[in-house]
Amino acid sequence: ADPASITVIHHLLVTSRFSRFLFIGSCRDEEMGQNHPIWNMIASVQSLGAHATTIKLQLFDKETVNRAISDMLSLSPRLTWPLSDIVYHKTKGNPMFFSRLMVSLSKEGLLNFSLSRRRWVWDEEKIQSRKIPDDVAIFLTNAIGQLSSEVQAALCTLSCFGASADISAVKILEDDLGLKLQNSLDAAVADGFLDKLNGKYQFCHDRVQETAYKMLSMEDRASRHSRYGLALCRYTLKNINDDAMLFTAVDQVNRGGPHIVSGSDHGSLLAYLNLRAGKKAMDMSDFASALAFFDHGILFLDENHWHDNYNLSLELFDNAVKCTYAIGDHQRLNKFSEQVLSFARSFNDKLTVIYHAVSALCDASSLDEAIEKGVWVLSMLGEDLFQPSSRSETLALIEKTRCLVQGYPEDLLLNYNLMTDSSKIMAMKFLSRLEISLVMGRRGVIPIVTSKMVELSLVHGLTPMSAIGFAYFGSMLASIGHVNEGYRYVKLAKDLVHRFSSKEVAGEVIAIATQTIGYVEPMQTTLEFHMQGHKTALEAGDIRSASLNFNLYCNYLFWCGGNMVNVKTKCEEACLFMKQHKMLAFLLNLRPLLSTIVKLIDKEETPSRFGFDGPAEDVLISSNP
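Note that the structure is a prediction, hence the values are computed from the model and not measured.

We now examine the environment of glycine 518. Following the sequence through the fold, glycine 518 ends up in helix α27 (residues 503–520). For the pair formed by glycine 518 and alanine 344, sequence separation is 174 residues and the distance between their alpha carbons is 46 Å.

Our next topic: the side chain of aspartate 195. Mapping aspartate 195 onto the fold places it in strand β4 (residues 194–197). With residues up to four places along the chain from it excluded, the contact list for aspartate 195 reads His89, Lys90, Gln128, Val189, Lys200, Tyr201, Gln202 and Cys204.

Any aromatic ring pair is given by two values, namely how distant the centres are and how the planes are angled relative to each other. This structure, assessed with the given rule, holds 14 aromatic pairs. Between phenylalanine 247 and phenylalanine 293, the ring centres sit 5.8 Å apart and the planes meet at 20°, which makes this aromatic pair stacked. Here phenylalanine 293 lies in helix α15 (residues 287–299) and phenylalanine 247 lies in helix α13 (residues 243–256), a separation of 46 residues in the sequence. A ring pair is formed by tyrosine 408 and tyrosine 416, whose centres lie 5.8 Å apart and whose planes are at 85°; its orientation type is edge-to-face. Geometry around tyrosine 310 places arginine 345 over its ring, the cationic atom sitting 4.0 Å from the centre. Sitting above the plane of the phenylalanine 500 ring, arginine 499 keeps its charged end 5.2 Å from the centroid.

Within the secondary structure, serine 149 is located in helix α8 (residues 149–159). On the basis of relative accessibility, which here comes to 54%, the residue serine 149 falls in the exposed class. Expressed as a C-alpha distance, the spacing of serine 149 and glutamine 182, which sit 33 residues apart in the sequence, is 14 Å. At 3.4 Å, the side chain of serine 149 and the side chain of glutamate 150 are in polar contact.

Across the chain, the bulk of peptide bonds are trans and the bulk of non-glycine residues have phi less than zero. Of note, the phi angle at arginine 118 is positive, near 55°, even though the residue is not glycine. Relative to the helices and strands, arginine 118 resides in the loop between β1 (111–114) and β2 (119–122). Positive phi, close to 50°, is recorded for asparagine 198, a residue that is not glycine. Following the sequence through the fold, asparagine 198 ends up in the loop between β4 and β5 (200–203). You can call asparagine 198 exposed: its relative accessible area is 72%.

With eight of eleven residues buried, α8 lies mostly within the body of the structure. Those residues of α8 that sit buried are Val151, Gln152, Ala154, Leu155, Cys156, Thr157, Leu158 and Ser159.

Turning to the sheet that holds β4, a few remarks are in order. The pairing of strands in a sheet comes from backbone hydrogen bonds and takes either a parallel or an antiparallel form. Across the sheet, which stays open at both edges, the three strands sit in the order β3-β5-β4 with antiparallel pairing between neighbours. Because the sheet does not close on itself, it has two edges, and the strands there are β3 (164–166) and β4. Ignoring which end each strand starts from, the neighbouring axes of this sheet average 20° apart. Relative to β5, β4 runs antiparallel, the two sharing four bridges. The residue bridging leucine 194 from the neighbouring strand is phenylalanine 203, located in β5.

Bringing helix α4 (residues 77–91) into the picture now. Each full turn of the α-helix corresponds to 3.6 residues, which orients residues three or four apart in the same direction. Along its length, α4 reaches its greatest deviation from straightness, about 40°, at leucine 83. Taken together, the buried positions of α4 are Thr80, Leu83, Ser84, Ile86, Val87, His89, Lys90 and Thr91. Immediately downstream of α4, the backbone of lysine 92 shows phi near 60°, a positive value.

In this structure, the second largest pocket spans a volume of roughly 860 Å³. Arg443, Ile446, Ser475, Ser479 and Gln515 are, among the 33 residues lining the second largest pocket, the residues nearest its centre. Elements supplying a minimum of two residues to the lining of the second largest pocket: α21 (391–406), α24 (446–460), α25 (464–479), α27 and α29 (543–559). Looking at which element gives the most residues to the lining of the second largest pocket, the answer is α29, with six residues. Class assignment for the residues of the lining of the second largest pocket results in 20 nonpolar, eleven polar and two charged.

Conventions and cut-offs
- Residues numbered from 1 in each chain as written.
- Predicted model: local features only at pLDDT ≥ 70, side-chain atom pairs only at ≥ 80, totals over all residues.
- Heavy atoms only, no water.
- Helix = DSSP H or I, 4+ residues; strand = E, 2+ residues; numbered from the N terminus.
- Contact = heavy atoms within 4.5 Å.
- Phe/Tyr/Trp six-rings, centres within 6.5 Å; stacked < 30°, edge-to-face > 60°.
- Lys NZ or Arg CZ within 6 Å of the ring centre and 35° of its normal.
- Buried < 20%, exposed > 50% of the residue type's maximum accessible area, 1.4 Å probe, protein only.
- Polar contact = N/O pair within 3.5 Å; in protein donor to acceptor, adjacent residues only side chain to side chain.
- Pairing = 2+ DSSP bridges.
- Axes fitted to C-alpha atoms, helices over the stretch in contact; angles between N-to-C directions.
- Bend = angle between axes of the 7 residues up to and from the residue.
- 1 Å grid on protein atoms, 1.4 Å probe; cavity = no way out; pocket = protein on both sides within 12 Å on 5 of 7 lines; lining within 4 Å.
- Points joined across faces, edges and corners; volume = space filled by probe spheres on them.
- Nonpolar A, V, L, I, M, F, W, Y, C, P; charged D, E, K, R; others polar.

Below is the structure:
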């Protein structure tokens with residue numbers, strides 16, 4: 001209570017006209033020190049003849065908790081024991097915490113009345129894994145200091161791993177560093193500070209973990225992270241398939257910082273482990289975490305790493321570029337690319353960063369510059385693009401490619417030999433990047449690029465990028481009237497995606513192929529395909545294809561006769577997605593559809609410019625008419 005409230009209570013007790021006045025108050029011991037004003041007030045009213053009685057409310061034991069729950073739920077004590085055990089563990093028998101937890105469990109649906117069984121039922125597993133209430137957490141954090149030094153030390157060790165740690169990691173620390181942890185942690189489990197679930201020691205609340213971690217000095221934290229990380233790293237070098245332990249080990253080492261490096265070989269080893277962890281994270285489509293691993297890996301390299309560890313350095317920077325592109329951080333992409341372009345020993349070693357630089361230019365709607373740079377790289381790789389001077393020459397090129405492909409049965413194409421020439425493989429990647437760039441700009445050049453991709457696939461073998469080439473080829477044939485033939489080739493393109501199990505190309509193939517499929521199959525089927533393409537492209541970090549699929553989904557949803565309000569909602573979601581990922585070209589392309597829908601729903605409403613400054617759109621319109 002605040003001083004003013006205490007003064008009012010004192011006045012009521014000593015000046016009341018009533019001879020029988022009862023006042024009841026409650027407080028927590030840990031919040032009421034000996035010098036708290038409330039005690040002075042009680043002493044004062046007692047000296048004036050008022051009677052004051054202090055009742056200390058004891059904690060419930062397990063038996064009492066069970067009896068209370070049994071009475072509350074009208075069930076036999078034998079049936080409520082499992083629930084009572086969990087509740088006691090989480091509240092330590094505090095009556096106030098106990099009542100609040102029971103109410104919370106009911107509100108959250110973890111404790112409810114079953115009409116079919118005509119009794120109260122509960123989900124023990126979910127209740128066990130539920131975080132304890134904040135009040136209980138505060139109670140426990142204040143009680144950490146009362147634990148034995150061994151248990152406190154074990155909690156501090158565990159706190160270095162965050163909210164939880166695998167029991168297997170704890171055992172490794174015991175074996176490698178000679179620490180005695182499990183018995184002390186089990187004691188903390190018994191006292192309610194931890195839960196032991198699903199092979200993990202888990203703090204019962206974030207505040208408990210934070211309190212244990214704050215017991216360590218900054219220097220001690222860094223030292224512990226380093227020691228624990230190195231111990232786990234030694235394990236991961238012997239057990240290369242334990243991905244979860246690899247992530248834990250590398251995270252601990254990174255928290256310790258580069259100062260733990262004892263030599264260039266040691267630093268190279270830690271950089272290599274970060275490279276492994278980053279590539280595993282990329283496989284899981286977690287590009288932000290992957291980038292953090294590559295960042296730390298680079299920090300562990302010495303100053304002469306481009307000379308002493310060229311291959312490791314190149315792989316770290318190449319993968320960092322891939323991740324920055326996937327998350328749309330073009331500024332850092334340029335920063336990493338500059339390093340590779342400055343220190344790479346050959347033109348081929350620069351191609352990965354150039355490829356993503358071209359992709360970034362496409363995303364920034366610098367289509368002319370992207371196409372110019374892509375054509376230059378192709379010429380360096382020995383693949384000059386034929387430039388038809390008229391529409392008749394373009395049609396002749398398409399017909400030539402069509403006749404070439406007709407000599408290969410579909411079964412043969414699907415099982416065709418693989419491309420092995422690395423320069424041709426890279427040329428196919430650049431050609432595929434040009435394809436999607438041309439979709440948003442110079443469509444007249446698409447037949448040239450498509451024919452080159454098909455030709456390279458037939459002459460030098462298939463690569464995952466061949467699926468993109470056949471998807472555009474089928475779409476191109478359909479656009480000039482050969483719908484059924486085009487349909488066969490886009491189906492072949494989708495089959496090639498399955499053959500290569502390539503997420504890298506799946507999003508773009510689905511986006512292009514589905515447009516042709518819509519001419520043959522019911523248009524409604526395209527909706528599911530485009531959402532699948534959007535999801536698959538996101539998993540691969542292909543934001544451009546994800547945006548294209550989202551754009552096409554909105555258009556097809558409109559033409560399929562979808563509810564206008566729902567179509568408008570999806571268009572706005574797509575616009576927000578494209579705005580967040582700076583896909584201005586696709587955003588602008590979707591604007592006419594959204595304007596139409598807004599006018600159909602409400603003629604008075606004016607569609608926004610999606611949060612971009614006017615000049616940005618104006619530049620795009622003028623550069624890409």
